[in-house]
Amino acid sequence: MGVIVTGIVVEKVTRHFAGQPVLKGVSLAVAAGEFVALVGPSGCGKSTLMRLIAGIDRPDGGRILINGRDVTALRPAARNVAMVFQSYALYPHLTVAENIAVPLSMRRMGVAQRLPLIGRIWPGSRAARRGIAEDVRSAALALGLTNLLERRPSQLSGGQRQRVALARAIVRQPAAFLMDEPLSNLDAALRVHTRREIVEIHRRAGAATLYVTHDQSEALTMADRVAVMQAGEILQVASPRAIYADPDDLRVATFIGSPRINTLPAEIDGHGLTRVAGFPTGVRLCGAERITGAATLALRPEDLYLADGGIPATAEGLEFLGESLLLHARHVGTGTALVVRLPPELVPDLPPGSRVTLGFDPARALLFDARGRRLRDTAVVPEPSLV
Amino acid sequence: MSEAVLSAAPARREGATGEALTAWALGLPAVLAYLVLLLLPTLAAILLAFTDYELGAPAFAWIGLDNFSELLRDRGFAQALRNTVFYVAVVTPGSILGALALALLIEAGTRGRTLFRAVFFLPVVSLTVAMASAWQYLLHPSIGPLNAVLRQVGIDGPAWLSSSDTVMWSLAAIGIWENLGFNLVLFLAGLTAIPREMYAAAEVDGAPSAWERFRLVTWPMLGPTTLFVLTITMIRSVRVFDTVKVLTQGGPNRASEVLLHAMYLEGFTYFRLGYSAAITLVFLAIVLALMWLQTRVLDKRVHYG
Ligand SMILES: Nc1ncnc2c1ncn2[C@@H]1O[C@H](COP(=O)(O)OP(=O)(O)O)[C@@H](O)[C@H]1O
Ligand SMILES: [Mg+2]
């Protein structure tokens, strides 16, 4: 008690559309100064959550707090959040400078002061206008828009429009920044470049930032923490490293990582020993989590290698990626498709149909129960073939 | 590569001639129809305007600008011009602002879009001449429901269509009713085309009221639609004819005379085709000026290029 949680706090938020649950009790916290990426496939409810935080839409249940204040029932204007939209949503009839000034003039000037002609001579409006012009100039400077201030959005490139949208968001120093797939309309080269800039802007502004994307590489490279969302639920929130190497859930493991993680149906016996189609894997489940029966063993493509002993598979083709080589194969016992990342200098002669055996370090294997929950309490059996 | 291009060039030129011929052949019916049905009658009307031709007369003479100088002195024509300007000046803002307000209400509501659209579009698809008799009944001084209602509250309603004080207002009201549905449908289409995200952005930017969001998003983004509606409504109301013909015949005492009705009287009642053609030219000039205003002046202000 007594500690004010700064930043964005979302508590058990639900939202239905036409009887269909779109958000099923989402909880998430973004601390002040933190950059959290919300990643998930299209249609999982990311934009819906953003709109609820911004106040454009209202939740059916749950609470939303910004800097410790319950804003669930407040209008967007009263929340002091800034949002960057996927389409940028710039006002086409206003110049760049006027676009950036909108959030300021809405806050600092009265209705009469904003009117086209009367506003100029209304008392106090000159000082307000001067202050706004100054802030617009410094936001434009931060985003390299100084030379474009008099242009209309239609005279700008996609990247420039995107900067205007960012400038409009930072100009009023909001308590929270929301960005909904802001890079998805840019070409690949510009996207990678703008990633760094957005992180830089976030550092300088220091506000809690929630960044929505369906692109996992954006999430992993930009964020302090990554929240993985699927079908209206947040599955895991953790650092990019932990999300990749130490997932809580099979759905997180399969969503993050490209090519996809390999999953093999496994069996856990009474001693906790894990087998794949009868083959002992060297992974033993111990401790309190002890269960038996069906499970899933997951291995990243880079954790498999060609070995003399290991799980048997049939080669199906090679794919050269430059920095590595992908071997596509099929597990002999279960028919599961497998992908192996090999060093590019290794050019094995593997015509489709040839038999390979794939080795792996059991310490790097991830074990999940039948419902997809991670089984963490595992140990390596020294010599699996002897057990 | 370049050799292939060089050797192909003459063949392409021959092909181009053949293609042009085919194009003309295919376009011929349309070109003929345009010439016979549109261009020639217009030319004929322009030529007629400089003659004293009367229907059935054995001969006609070129009289130069005499028809136009007569127009300048013709009190009836001046009255028709004044009335037409009045009609346009009332019907255009009335039906545009009314349609915009209705469109915003319908768009903001959750139900009944299709119903309201159909109800307000009805006057557009119904026959004006048939509807005019309904209006005649509604506005009838003694048996009309409008005056009956006014009597209930103690007001002695005027003879709407036969008093020179009210006749143009009554016709303008009918004109607004006629144009409203058409404009409404255009505005509804324009509103649907505004991305929802623009309103969300305006809200997040702090636009405090519906009026502010209208000023920041709806009105500017509706600009091209409004311009189109403005032009169409002005041209449609300059052309007012059938309600005048059916309800008042320009009366009482030419108090509701309008351009096209004056032209009709000259041409088809008095058979002064030359004079009638001169009125037509004035009408054409007005319509062309309105179209010029749209394409040259206003267009630049609503397309934010
Ligand atoms: N206003 C709405 N009315 C009905 N369904 C909606 C509405 N907004 C979103 N949805 C549904 O909610 C789901 C999640 O949408 P959204 O949050 O936009 O997904 P994402 O941004 O993750 O791609 C989708 O299935 C979508 O059809
Ligand atoms: Mg989305």
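Whatever comes next refers back to the structure up there.
Calculation rules
- Residues numbered from 1 in each chain as written.
- Chains lettered and ligands numbered in written order.
- Predicted model: local features only at pLDDT ≥ 70, side-chain atom pairs only at ≥ 80, totals over all residues.
- Heavy atoms only, no water.
- Phe/Tyr/Trp six-rings, centres within 6.5 Å; stacked < 30°, edge-to-face > 60°.
- Helix = DSSP H or I, 4+ residues; strand = E, 2+ residues; numbered from the N terminus.
- Buried < 20%, exposed > 50% of the residue type's maximum accessible area, 1.4 Å probe, protein only.
- Contact = heavy atoms within 4.5 Å.
- Buried area = accessible area lost by both parts, 1.4 Å probe.
- Salt bridge = Lys/Arg side-chain N within 4 Å of Asp/Glu carboxyl O.
- Polar contact = N/O pair within 3.5 Å; in protein donor to acceptor, adjacent residues only side chain to side chain.
- Nonpolar A, V, L, I, M, F, W, Y, C, P; charged D, E, K, R; others polar.

Draft legend 1. Highlighting the packing of aromatic side chains. All names here are of chain B. Applying the stated criterion across every chain yields a total of 10 aromatic pairs over all chains. For the pair Phe-50 and Phe-68, a centre-to-centre distance of 5.6 Å together with 45° between the ring planes defines the contact as tilted. Taken together, the residues span a long stretch of sequence, with Phe-50 in the loop between helix H1 (2–48) and helix H2 (66–73) and Phe-68 in helix H2 at a distance of 18 residues. Judged by relative accessible area, which is 21%, Phe-68 ranks as partly exposed. Their ring planes at 25° and their centres at 6.0 Å tell us that Trp-211 and Phe-214 sit as a pair that is stacked. One end of the pair is Trp-211 and the other is Phe-214, both in helix H9 (residues 210–221) and three residues apart, which spans about a single turn. The class of Trp-211 is partly exposed, set by a relative accessible area of 47%. Through a chain of ring-to-ring contacts, three or more aromatic side chains come together here, namely Tyr-53, Phe-60 and Trp-62.

Draft legend 2. The arrangement of the interface of chain A and chain B in detail. Taken residue by residue, the interface counts 29 residues in chain A and 20 residues in chain B. Carbon and sulfur atoms supply 59% of the area buried between chain A and chain B, which totals about 2100 Å² over both sides. When residues of chain A are sorted by the area they lose upon contact with chain B, Tyr-91, His-93 and Met-106 of chain A head the list and together hold 26% of the total. Seen at the junction of chain A and chain B, the total is one salt bridge. Here Asp-205 of chain B ties to Arg-168 of chain A by a salt bridge, and the two come within 3.5 Å at their closest N and O atoms. Run the count over chain A and chain B and you get five residue pairs in polar contact (both at pLDDT 80 or more). Only helix H1 (46–54), strand S6 (81–84) and helix H2 (96–108) of chain A provide two or more residues apiece to the side of chain A that touches chain B. The dominant element in the side of chain A that touches chain B, judged by the number of residues it contributes, is H2 of chain A, at four residues. Class assignment of the residues belonging to the side of chain A that touches chain B gives a composition of 17 nonpolar, five polar and seven charged.

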